[in-house]
Amino acid sequence: MKRIIGILVLLLIAFSPLKAQDFQCAISINTTQISNTGNQQRYNELRQKLYTFIHDRKWCQYNLKQNERIECSITINLAKASGDEYEGTANLVLQRPVFNASYKTTLMSFQDKKVKFKYSDGDELEYDENAALSELTSLIAYYLNLFIAVELDSFSPNGGSPYFAKCQNTVNLNQKDVGWNVAESGQNNRYWITDNFTNSTYSKIHDFYYQYHRLGLDVMSETPDAGRAVILESLKLLQQVNAQKSNLAIIRIILNTKKDEIINIFKEGMPSEKTQVVNIMKQIDPTNSSAYDAINTASK
């Protein structure tokens, strides 16, 4: 009898649903910009609910091992609070390990400047990927799918395509809300980030993520010269996209994220590589033009 019970317990464990744990995400809420921070319990409760929302759902189609979980951080900076309505910004960072290296590379790091949502004490975080139930859960789900998409792109050619499609669906469902609309000025919101990734005209952005990371960074521990050469070719892809349309939202995000890493990589490059990279980066990133002169401060 004990043996039968033991077998039943094992079967229940084997077939019971496990917590998804697709993400290793640091979620935080910064209230330093608002004056009415008295209800700190509300913010603590919301942060915990967001943590559960992120970590207890299955977001990725693959069964990720613990060391394969997607590493990211989301910081919501509240600037206005009126009753149950909040406005602010969100800092978003996505990282992944570099093969056989002791450091992690940042895939994306940027700020969403148009965060707006409602939340009252005790509210449940409702979400349906085919309906706009909540501005907050739509926002979080959008960025989680974007993180999955970009990370998968960095490991395989166009690996993130299904998740960019999910991002597009979320954008379509939330067109009436702030931060999602095609008509908003600046071409720098979620609509335009998604457009840049899903518009076939800019498909070389996906090639950039794969070549730069999987064929470039991931081989540098064993063959640094070969890896650096591939990274140079990947930067030429960005140059080609920029020639099609300058100042794209995703190009700005990539440049702000990768500027220092690119400089450090090519400080160790051959003179011909340095010349090419400096010319490319000054052309596509004129705002930070002088920063790329640092590439020439070290000689091979």
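What comes next is a walk through the structure. For clarity, every value in this text was computed on a predicted model and none was experimentally measured.

Thresholds applied
Residues numbered from 1 in each chain as written. Predicted model: local features only at pLDDT ≥ 70, side-chain atom pairs only at ≥ 80, totals over all residues. Heavy atoms only, no water. Axes fitted to C-alpha atoms, helices over the stretch in contact; angles between N-to-C directions. Helix = DSSP H or I, 4+ residues; strand = E, 2+ residues; numbered from the N terminus. Parallel < 35°, antiparallel > 145°, perpendicular 65-115°, else oblique. Left-handed = near helix turned anticlockwise from the far one by under 90°. Contact = heavy atoms within 4.5 Å. Nonpolar A, V, L, I, M, F, W, Y, C, P; charged D, E, K, R; others polar. Phe/Tyr/Trp six-rings, centres within 6.5 Å; stacked < 30°, edge-to-face > 60°. Lys NZ or Arg CZ within 6 Å of the ring centre and 35° of its normal. Disulfide = S-S within 2.5 Å. Buried < 20%, exposed > 50% of the residue type's maximum accessible area, 1.4 Å probe, protein only. Core = buried A, V, L, I, M, F, W, Y, C linked by side-chain atoms within 4.5 Å. Pairing = 2+ DSSP bridges.

Quick word on the packing of helix 8 (residues 249-266) against helix 9 (residues 271-284)
Helix 9 packs onto helix 8 with a crossing angle of 165 degrees between their chain directions and a minimal axis gap of 11 Å. Classified by the angle between their axes, helix 8 and helix 9 sit roughly antiparallel to one another. Between helix 8 and helix 9 lies a crossing of left-handed hand. In this structure, helix 8 uses Leu 255, Ile 262 and Phe 266 to contact helix 9, whose residues at the interface are Glu 273, Lys 274, Val 277, Met 281 and Ile 284. Split into classes, the residues belonging to the contact of helix 8 with helix 9 amount to six nonpolar, no polar and two charged.

Here's the deal with the packing of aromatic side chains
Following the criterion strictly, the structure yields 14 aromatic pairs and no others. Centre to centre, the rings of Tyr 142 and Tyr 143 are 4.9 Å apart; their planes meet at 80 degrees, and the pair counts as edge-to-face. Between the NZ or CZ atom of Arg 96 and the centre of the ring of Phe 155, over which it lies, the distance is 4.0 Å. Residue placement shows Arg 190 over the ring face of Trp 180; its charged tip is 4.5 Å from the ring centre.

Thoughts on the state of the cysteines
All told, the structure shown has zero disulfides when counted by the stated rule. The thiol of Cys 60 is not disulfide-bonded; the next cysteine sulfur, from Cys 72, is found 12 Å away. Here Cys 60 falls in the buried class, since its relative accessible area comes to 3%. The cysteine Cys 72 is free of any disulfide, with Cys 25 supplying the nearest cysteine sulfur at 3.4 Å.

Quick notes on unusual backbone geometry
Positive phi outside glycine occurs at Gln 187, with the angle close to 50 degrees. Assignment of secondary structure puts Gln 187 in the loop between helix 4 (161-173) and helix 5 (190-198). The phi angle at Asn 247 is positive, at roughly 65 degrees, despite the residue not being glycine. Mapped onto the elements of the fold, Asn 247 is located in the loop between helix 7 (224-244) and helix 8. A residue is classified by how much of its surface remains accessible, and Asn 247, at 54% relative accessible area, is exposed.

Side note on the nonpolar core
Proteins that are soluble and globular tend to have nonpolar side chains buried together. By size, the foremost hydrophobic cluster in this structure holds 80 residues, and its most contacted members are Phe 23, Ile 74, Met 108, Leu 146, Phe 197 and Leu 235. Considering every element that reaches this core, the biggest residue donor is helix 3 (residues 135-153), with 13 residues. What Leu 146 contacts, discounting residues up to four positions off in sequence, is Met 108, Phe 110, Phe 164, Cys 167, Ile 193 and Phe 197.

Things to note about the sheet that holds strand 4 (residues 104-118)
Reading across from one edge, 1-2-3-4 is the order of the four strands in this open sheet, with mixed pairing throughout. Strand pairing shows two members of the sheet lacking a second neighbour, strand 1 (23-30) and strand 4, which therefore form its edges. Going from strand to strand, the sheet's axes swing by 15 degrees on average, the running direction of each strand aside. Relative to strand 2 (residues 70-82), strand 1 is paired through eight bridges, and the arrangement is parallel. Within the sheet, the bridge partner assigned to Ile 27 lies in strand 2 and is Ile 74.

Section: the packing of helix 2 (residues 40-55) against helix 3
The relative placement of two packed helices is expressed as an angle between their axes plus a distance between the axes. One way to put it is that helix 2 packs onto helix 3 with a least axis distance of 11 Å and a crossing angle of 45 degrees. On the basis of their axis angle, the class for helix 2 and helix 3 is oblique. You can see that helix 2 and helix 3 cross each other, and the crossing is right-handed. Mapping the contact onto sequence places Leu 46, Leu 50, Phe 53 and Ile 54 in helix 2 and Leu 136, Thr 137, Ile 140, Ala 141 and Leu 144 in helix 3. Split by residue class, the contact of helix 2 with helix 3 holds eight nonpolar, one polar and no charged.

Everything listed here is a matter of geometry and, on its own, says nothing about what the molecule does.
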